[in-house]
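Results of the structural survey
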Amino acid sequence: MHSPAADIARRLAEDAETVCRHYLTNGRKQGRYWIVGDVQNTPGRSLYVRLTGPNSGLGAAGKWTDSATGQHGDLLDLIALNMGITTLRDTLDEARRFLSLPQTDRHRAANPPASRGSPEAARRLWAMGQPMSGTLAERYLAGRGLTGLGHLDSLRFHPNCFYSRKDHALTDPPEAWPALLAKVTALDGRLTGLHRTWLDPASADKAPVIPPRKAMGNLLGHGVRIGKPVSVLAAGEGLETMLSLHLALPKLPVVAALSANHLAALQLPADLRRLYIAVDADPAGLSAADQLAHRAIGAGIDTVHLSPCLGDFNDDLRANGRDALRAHLRPQLAPEDALTFLDHAED
């Protein structure tokens with residue numbers, strides 16, 4: 001008799017290409033395989049998923065291997081690693097959601113509603129998001145000068161995300177708006193929280209709610225990460241600030257801490273050699289940058305402040321354009337980093 005996990009793994013394998021197109025959006029089909037960098041959806045060619053083959057045994061559909069790390073498994077394993085899920089129960093929950101399968105009564109009883117604002121609630125909301133490319137979220141970012149970011153696996157779109165006003169009565173119907181979702185993760189890639197920006201479908205701008213942005217989950221020390229730091233990292237407060245820096249320097253890993261207090265408390269990778277701090281030109285931003293720099297220098301990390309012309313780097317990008325932003329950043333970078341992250345940046 002097949003177990004529920006084996007049955008769901010078989011169903012996933014029957015449509016392995018669709019699974020890959022949903023969870024590994026930075027990959028591509030090559031013959032009988034889906035090729036991508038790793039289970040975290042990094043661009044590259046190390047991980048390959050077999051798209052066709054028998055239901056089990058050698059060469060089975062849905063089996064994958066990462067040639068760089070030696071990791072391997074089936075599509076349930078891939079979903080768990082991709083989503084940062086740590087239990088089989090929650091992995092099956094996500095797979096059933098993807099396959100549009102009903103939840104069993106036993107599963108529903110064992111998987112009660114998550115506490116509002118908790119990391120578990122953030123994980124479940126993230127699981128309900130969809131790739132951002134071609135959505136209202138991508139249009140919103142384009143309106144902020146942030147184009148060509150639909151491939152980022154730290155961003156998703158939710159077409160109908162609940163919004164709770166402070167004066168919302170329990171008897172009132174729930175209010176919902178489309179939303180841009182940004183995944184907050186720890187240093188090990190584990191999802192700890194979520195940042196939401198609610199959007200107005202009519203204008204592709206922020207929704208007419210106050211505030212239009214909220215975060216949930218465990219944020220302290222964590223952030224929205226783009227790229228994997230090896231020895232150099234840029235950190236700052238706002239999501240759009242750091243997306244602007246990423247657009248100017250696409251090879252430089254960045255992290256958005258989402259507030260001044262959280263920037264000051266940001267956890268830093270153990271092997272970090274140089275930290276760039278994107279400074280917001282206000283008292284709270286300057287203080288947070290100084291606190292983070294003090295901690296980094298105490299850990300033996302070379303620390304450099306990156307200062308915008310205006311209030312932040314998104315202001316600079318929208319006012320002056322990408323080329324002017326890159327020119328403004330050049331003299332602020334260490335010479336070797338200018339060569340690596342600016343002169344060799346993809347056009």
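Every value quoted in this text rests on a predicted model; they were computed, and no experiment measured them. (Residues numbered from 1 in each chain as written. Predicted model: local features only at pLDDT ≥ 70, side-chain atom pairs only at ≥ 80, totals over all residues. Heavy atoms only, no water.)

Quick word on helix α1 (residues 4-14)
Note the following rule: The buried label applies to any residue whose accessible area, calculated with a 1.4 Å probe on protein chains only, is under 20% of its type's maximum; exposed applies above 50%, and partly exposed to all values in between. Helix and strand labels come from DSSP, where a helix needs a run of H or I of at least four residues and a strand needs a run of E of at least two; each type is numbered from the N terminus. For this quantity, the arc is that covered by the directions from the helix axis to the C-beta atoms. Contacts are assigned to residue pairs that have any heavy atoms within 4.5 Å of one another.
For α1, the complete set of buried residues consists of A5, I8, A9, L12 and A13. Take α1 and look down its axis: the buried residues cluster within an arc of 140°, on one side only. What points out from α1, more than 90 degrees from its buried face, is the exposed set P4 and E14. Against α2 (16-23), α3 (75-83) and α4 (88-99) lie the buried residues of α1.

Topic: the UniProt feature "domain: Toprim" (unreviewed entry) in the protein
Operational definition: UniProt positions are given in the numbering used here, feature names are shortened, and annotations may be inferred rather than shown by experiment.
In the numbering used here, UniProt assigns the feature "domain: Toprim" (unreviewed entry) to residues 233-323. Helix makes up 45% of residues 233-323 and strand 19%, whereas the separation of the span's terminal C-alpha atoms amounts to 21 Å.

A word on unusual backbone geometry
P211 follows I210 through a cis peptide bond whose omega is -5°. Among the structural elements, P211 can be located in the loop between β10 (205-206) and β11 (213-217). Positive phi is not limited to glycine here, since A204 has a value of about 60°. As for its placement among the helices and strands, A204 is situated in the loop between β9 (191-200) and β10. A positive phi angle, close to 80°, is found at L258, a residue other than glycine. The topology assignment puts L258 in the loop between β14 (254-256) and α9 (260-264). We classify L258 as buried; its relative accessible area is 19%.

Topic: the pattern of salt bridges
Inclusion rule: Salt bridges are counted wherever a side-chain nitrogen of Lys or Arg sits within 4 Å of a carboxyl oxygen of Asp or Glu.
Tallied over the entire structure, the rule returns 17 salt bridges. Among the ionic pairs, K228 bridges to D38, the shortest N-O distance being 2.9 Å. With K228 in the loop between β12 (223-226) and β13 (232-236) and D38 in the loop between β2 (33-36) and β3 (47-50), this residue pair connects regions lying 190 residues apart in the sequence. The partner of D315 in a salt bridge is R318, with the nearest N and O atoms 3.1 Å apart. Here D315 pairs with R318, and both are found in helix α11 (residues 313-320), just 3 residues apart, close to one helical turn. Residue D315 is classed as partly exposed on the basis of its relative accessible area, which comes to 25%.

A word on the sheet that holds β3
To keep it simple, the criterion reads: In this scheme, strands are said to pair when DSSP sees at least two bridges between them. Convention adopted: a line fitted to C-alpha atoms gives each axis, helices being fitted over their contacting stretch, and angles between N-to-C directions are expressed from 0 to 180 degrees.
Read from one edge of the open sheet, 5 strands run β1-β2-β3-β4-β5, paired in antiparallel fashion. Pairing within the sheet leaves two strands with one partner each, and these edge strands are β1 (28-30) and β5 (72-73). The sheet strands contacting α2 are β1, β2 and β3, and the helix crosses β2 at an angle near 15°. Contacts from α3 reach β3, β4 (64-66) and β5, with the element oriented near 50° to β4.

Remarks on the packing of helix α8 (residues 239-248) against α11
Rules: Angles are sorted into four bins: roughly parallel if under 35 degrees, roughly antiparallel if over 145, roughly perpendicular if 65 to 115, and oblique for all others. Side-chain classes are defined by residue name, with Ala, Val, Leu, Ile, Met, Phe, Trp, Tyr, Cys and Pro counting as nonpolar, Asp, Glu, Lys and Arg as charged, and the others, Gly among them, as polar.
Where α8 meets α11, the closest approach of the two axes is 7 Å, and the angle between their N-to-C directions is 55°. The angle between α8 and α11 places the two elements in the oblique class. In contact with E240, T241, S244 and L247 of α8, α11 contributes F313, N314 and L317. Split by residue class, the contact of α8 with α11 holds 3 nonpolar, 3 polar and 1 charged.

A word on the packing of aromatic side chains
Note the cut-off: We call Phe, Tyr and Trp rings a pair once their centres come within 6.5 Å, taking the six-membered ring for Trp, and we label the pair stacked below 30 degrees between planes, edge-to-face above 60, and tilted otherwise. Charges are assigned to positions over rings by a cutoff of 6 Å between ring centre and Lys NZ or Arg CZ, combined with an angular limit of 35 degrees from the ring normal.
Taken as a whole and assessed by the stated rule, the structure comprises 3 aromatic pairs. With a centroid separation of 5.7 Å and 85° between ring planes, the pair formed by Y33 and Y48 is classed as edge-to-face. Linking Y33 in strand β2 with Y48 in strand β3, this pair joins segments that are 15 residues apart in sequence. Since its relative accessible area comes to 22%, Y33 is described here as partly exposed. Relative accessible area serves as the criterion here: at 34%, Y48 is assigned to the partly exposed category. Taken together, a centroid distance of 4.6 Å and an interplanar angle of 90° make the contact between Y163 and W198 edge-to-face. One end of the pair, Y163, is in strand β7 (residues 155-163); the other, W198, is in strand β9, with 35 residues separating them in the sequence. Per residue, the accessibility class of Y163 equals that of W198, and both read buried. Between the NZ or CZ atom of K214 and the centre of the ring of Y163, over which it lies, the distance is 4.3 Å.

Points about the side chain of R225
As a reminder, the rule being used: Neither His nor the chain termini are counted; the positive set is Lys and Arg, and the negative set is Asp and Glu. Here a polar contact is recorded for every N or O atom pair within 3.5 Å, except that within protein the pair must consist of a potential hydrogen donor and a potential acceptor, and residues adjacent in sequence are included only if both atoms are side-chain atoms.
Examined against the element boundaries, R225 turns out to sit in strand β12. D188 provides the closest opposite charge to the buried, salt-bridge-free R225, at an N-O distance of 7.5 Å. Separated by 3.1 Å, the side chain of R225 and the backbone oxygen of T185 make a polar contact. In terms of polar contacts, R225 uses its side chain to reach the backbone carbonyl oxygen of A186, at 3.3 Å. When neighbours within four sequence positions are excluded, R225 is seen to be in contact with S154, K183, T185, A186, L187, V254 and V255.

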